Amino acid sequence: MSEVLEIWNAAVPLRPAAVWRCTTVGQAREAVRQARADNAALSVLGGGHDWAGRAIRDGAQVIDLRGMREVTVDEDVATVGGGATALDLITAAAAVRKSAATGTIGAVGMGGLTLGGGYGPLNGVAGLAADNLLAAEVVLADGTVVTATEASEPDLLWALRGGGGNFGVVTSMKVRLHPIPVVWTGRVIFPLDQAHEVLAGFGELIAEAPDELTVQAGFLSAPDGAPVIFFLPTWSGAPDDGAPWVRRLEGLGRPVVSAVGPAEYGEALRRGDQMFARDGRHYAIRTRNLTALTPPTVNALVAATATRTSPLSAINLHHFHGAAARVALPATAFGVRQPHFMAEIIASWRPAVGPDADSGARHREWALATARRLDPHALSGGYPNLLTTDEPERVEDAYGPNGPRLIVAKKAYDPDGVFTATPLPAAATPGFPGDEGELALD
Ligand SMILES: Cc1cc2nc3c(=O)[nH]c(=O)nc-3n(C[C@H](O)[C@H](O)[C@H](O)COP(=O)(O)OP(=O)(O)OC[C@H]3O[C@@H](n4cnc5c(N)ncnc54)[C@H](O)[C@@H]3O)c2cc1C
């Protein structure tokens, strides 16, 4: 019998044909085999935070990994269940006074986040979440179970580091831990009318920032509805060395709020959960990678903020630098290594009912119009975890020069296209014209 599976974005009420609730790799393997025997479409549900709802396909069989959230820690490595959240991982790591590269929010699944890339507060010191993926246990499309490491199935491990959940069911991952139990974190907020001076100074500050300082910035509404600029700094170095950076951030303008101090890394993620809650709100997200906060880029961001159609909507700028930018581009499938700001343009609204019913069209249009406004200031491509197939030219460029190798890996590991996660270049689709070419993984 079909049922509605609840995921983060309540705008995606998809009905799968059947749900396989898996708690072991054996059950996941059986689910893949049975779905293939039934000739049924398949999808994999991790933490359920993909805004486009790709963990669930209408009428498909869903492999639900939310019963596989166990995390165990051995020295500098955690073994993370395929359905574990960032907070599950950080809670286990904190017990040995360590942290891991995660996103900014505790409830997001480590599966989708890591496989798609994984921007976060530690990317200056630790790289992306995908850069910290050491091994993965995977149920492939033919039902076999393999462990991908640098030594065994290295092409699969390469593809999983940024190529998304397009290669199989990842039932567990080994990820590197870092000796960072406590960070300096919090928020500094300025009114929107200070945007130009504040963001000009921020551009200078960020150009000098050491790896230990990663600052998420953005635009949202204060409780009174007024638009504001926010900064969420994370300082992961020696505590005393962080304070001057916080003071410099505060000095960019005349802040209306400044609350930055030491906190356990997990506490920072819990605070993030409150910002983008899973409480029945509807969401639509667009993304662009910005190289710099030049005056025209700031103008575009300010104009977009001033014209947002819902007070719940926001723009986040994820800061990509340091260790994440030093990984060689061919080393993983992730397609961009130059320093940039990943803009997450989040339209968010409450769906009123009756005469006030809100289809969401104007909010979706705001997000798309904002993305287009940023196009002249953006790199080609974008973050695959947030892109959708309705921007095919961006998907084609999203993996940069890694695209051809990713297509070869897709054909080697999932030739029938059983797994459809974050978008891949069109040539990865079975039956794409010119598909008869030879496989060459070396
Ligand atoms: C509130 C919020 C905050 C976010 N913050 C960040 C951030 O700070 N940094 C960042 O980089 N991204 C961020 N994202 C984006 C997020 O990384 C992606 O949406 C990611 O796909 C979510 O993973 P999930 O497992 O929760 O999602 P799901 O919806 O369960 O899955 C997403 C995709 O990954 C596949 N998948 C998930 N787990 C597995 C698995 N174990 N094996 C195989 N395939 C799998 C699914 O099939 C699906 O296609 C955020 C998203 C939200 C909604």
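Structure's up top.
I will try to describe carefully the structure that is included in this document.

1. Things to note about the sheet that holds strand 8 (residues 169–176)
Alright, step 1. Ordered by their spatial adjacency, five strands build an open sheet running 4-5-8-6-7, and the pairing between neighbours is antiparallel. With partners counted over all chains shown, the strands left at the sheet margins are strand 4 (71–74) and strand 7 (145–148), one partner each. Strand-to-strand, the axes of this sheet are offset by a mean angle of 15°, without reference to chain direction.
Alright, step 2. Two strands pair when backbone bridges link them, and strand 4 and strand 5 (residues 77–81) are joined in this way by four bridges, in the antiparallel orientation. Residue threonine 72 lies in a different strand from strand 5, and its bridge partner there is threonine 79.
Alright, step 3. The strands touched by helix 1 (residues 25–37) are strand 6 (133–139), strand 7 and strand 8; relative to strand 6, the strand with the most contacts, the crossing angle is about 50°.

2. Observations concerning helix 11 (residues 361–374)
Alright, step 1. Look at helix 11: 20 Å from first C-alpha to last across 14 residues, which is about the 20 Å you get at 1.5 Å a residue.
Alright, step 2. Taken together, the buried positions of helix 11 are His363, Trp366, Ala367, Thr370, Ala371 and Leu374. Down the axis of helix 11, the smallest arc covering the buried residues is 130°, so these residues share one side. In helix 11, those exposed residues whose orientation departs by more than 90 degrees from the buried face are Glu365 and Arg372.

3. Side note on the packing of helix 6 (residues 195–208) against helix 9 (residues 295–306)
The relative placement of two packed helices comes down to the angle between their axes together with the axis-to-axis distance.
Alright, step 1. Following both chains from N to C, one finds helix 6 and helix 9 inclined at 135°, their axes separated by 10 Å at the closest point. Overall, the two elements helix 6 and helix 9 adopt an arrangement that is oblique. The hand of the helix 6/helix 9 crossing is right-handed. Along its contact with helix 6, which presents Ala195, His196 and Leu199, the element helix 9 presents Val298, Asn299 and Val302.
Alright, step 2. Within the contact of helix 6 with helix 9, the residues separate by chemical class into four nonpolar, two polar and no charged.

Procedures and definitions
- Residues numbered from 1 in each chain as written.
- Predicted model: local features only at pLDDT ≥ 70, side-chain atom pairs only at ≥ 80, totals over all residues.
- Heavy atoms only, no water.
- Pairing = 2+ DSSP bridges.
- Helix = DSSP H or I, 4+ residues; strand = E, 2+ residues; numbered from the N terminus.
- Axes fitted to C-alpha atoms, helices over the stretch in contact; angles between N-to-C directions.
- Contact = heavy atoms within 4.5 Å.
- Expected span 1.5 Å × (residues − 1).
- Buried < 20%, exposed > 50% of the residue type's maximum accessible area, 1.4 Å probe, protein only.
- Arc of directions from axis to C-beta.
- Parallel < 35°, antiparallel > 145°, perpendicular 65-115°, else oblique.
- Left-handed = near helix turned anticlockwise from the far one by under 90°.
- Nonpolar A, V, L, I, M, F, W, Y, C, P; charged D, E, K, R; others polar.

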